[in-house]
Amino acid sequence: MIVTVTMNPAIDKTVEIGHLIPGGLNRIHKVEYDAGGKGINVSKTIRELGGGSIATGFLAGNAGRTIESVLKDRGIQSDFVWVDGETRTNTKVLEDNGEVTELNEPGPEITPDQLDELLARLEGYAGDGVLFVLAGSIPSGISIDIYEKIIRLLHKKGAKVLLDADGCMFRQALDAGPDIIKPNRAELEEFMGIDYRASDRDLLKTARQLLGKGVDTVAVSMGKSGAMFVRDGYEVRCPALNVKAHSTVGAGDAMVAALAYSFDTKNGDENTTRICMAASAGAVTTIGTKPPARELVDELMEQVIIEKIGE
Ligand SMILES: Nc1ncnc2c1ncn2[C@@H]1O[C@H](COP(=O)(O)OP(=O)(O)OP(=O)(O)O)[C@@H](O)[C@H]1O
Ligand SMILES: O=P(O)(O)OC[C@@]1(O)O[C@H](CO)[C@@H](O)[C@@H]1O
């Protein structure tokens, strides 16, 4: 069983404009709305891949009701804690050259009781064979060590955790030894404390260090430069697939979904790598943060090139 946890869901409003003029009048020629937030995107992609998950986290207001109904229409079970206020709307400004400017809102305020309610629900789902996906930012009212706390809580119950978080939350959560992580290049560079572009060798070295902290699998996503997958006895790098990019937002979530789906279906290392590369490339071809279709993922899996790395 997979449970996705989105503490801070969002309606993603993708607006397409020719070229963004900061400080000027920008006319939008297309608008697209999606039920988003990282864990929710993961649930949507798992569904497309043919798997199932329970989506949980916090929802609020009309935007929250819209998200809940989108999930229902897609056949995704949801169990959110309802809070006051309004789930955020995140605006993604997509220019003709493919560049995306993201304007992400902070999200509603969460009270200690509401957080306790979510933790109780997570504990209720936890057990052997259950994978929790903790993904994305946290709304106000919640401290940055929350992912660390949740990982410890879930591990006590025998569950596994896939973490996709950035900054301090990523660093702090590592102390609890998440089982699978998917940092992108920038997140890993920040973790390494470097302000230059890390080489593959640097990234590999850091990924190996993370394995030493109790992490079982590290997937480093590197945008159009591809990805690296590192676990004990399996170290590979894959160039990105050649696809017609529309919006890269959510590509990382599709990779997380493929990792979770692979864990749940006990896919081997090579198949996991293939489906991760294919699902993430497929997500790049879709409008807004829509998941890639399974048929496309199957086609793209054939094109994945897996290069062994390591010394
Ligand atoms: N232009 C592209 N062409 C092909 N594949 C791509 C492209 N951009 C991203 N990908 C695929 O998607 C994966 C994830 O991308 P990226 O590293 O940008 O994730 P991310 O930063 O976590 O994204 P997000 O937070 O927006 O979901 C890459 O490892 C790659 O496989
Ligand atoms: O503000 P966060 O939680 O870090 O990221 C939220 C978000 O940008 O992530 C998804 C894409 O990965 C979008 O659906 C959503 O708007």
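An account of the accompanying structure is given in this report. Everything numeric in this text was worked out from a predicted model, so none of it was measured.

## Quick look at the environment of Thr217
Within the secondary structure layout, Thr217 lies in strand S11 (residues 217-221). Overall, Thr217 belongs to the buried group, its relative accessible area being 11%. Sequence-wise, Thr217 and Gly85 are 132 residues apart; in three dimensions their C-alpha atoms are separated by 37 Å. Those residues in contact with Thr217 that sit more than four places away from it in its chain are Asp179, Ile180, Ile181, Leu211, Val230 and Arg231. Looking at Thr217, its side chain comes within polar contact range of the side chain of Asp216, at 2.9 Å.

## A short note on the site of ligand 2
By nearness alone, 15 residues border ligand 2, and Asp12, Lys38, Lys92, Ser137 and Asp253 come closest of all. With respect to ligand 2, the side chain of Asp12 contributes an N or O atom lying 2.4 Å from an oxygen atom. Side-chain polar atom of Lys38 to an oxygen atom of ligand 2: 2.9 Å apart, as the coordinates give it. Under a 2 Å grid-point criterion requiring more than half of the atoms, the pocket assigned to ligand 2 is the largest pocket.

## Regarding the sheet that holds strand S3 (residues 30-36)
Judged by pairing direction, the sheet is mixed, and its four strands sit side by side in the order S3-S2-S6-S7 without closing on themselves. Bordering the open sheet on either side are S3 and strand S7 (100-103), each of which pairs with just one other strand. Direction aside, neighbouring strands of the sheet carry axes that sit 20° apart on average. The pairing of strand S6 (residues 88-95) with S7 spans four bridges and is antiparallel. Directly across from Leu94, in S7, lies its bridge partner Val100. Contacts from helix H1 (residues 38-49) reach strand S2 (10-17) and S3 within the one sheet, and its direction differs from that of S3 by about 90°. Against the sheet, helix H2 (residues 61-73) engages S2 and S3, with an angle of about 90° to S2.

Scoring rules and cut-offs
Residues numbered from 1 in each chain as written. Chains lettered and ligands numbered in written order. Predicted model: local features only at pLDDT ≥ 70, side-chain atom pairs only at ≥ 80, totals over all residues. Heavy atoms only, no water. Helix = DSSP H or I, 4+ residues; strand = E, 2+ residues; numbered from the N terminus. Buried < 20%, exposed > 50% of the residue type's maximum accessible area, 1.4 Å probe, protein only. Contact = heavy atoms within 4.5 Å. Polar contact = N/O pair within 3.5 Å; in protein donor to acceptor, adjacent residues only side chain to side chain. Near = heavy atom within 4 Å. 1 Å grid on protein atoms, 1.4 Å probe; cavity = no way out; pocket = protein on both sides within 12 Å on 5 of 7 lines; lining within 4 Å. Sits in = over half its atoms within 2 Å of the grid points. Pairing = 2+ DSSP bridges. Axes fitted to C-alpha atoms, helices over the stretch in contact; angles between N-to-C directions.

These figures come from the coordinates and say nothing about function on their own.
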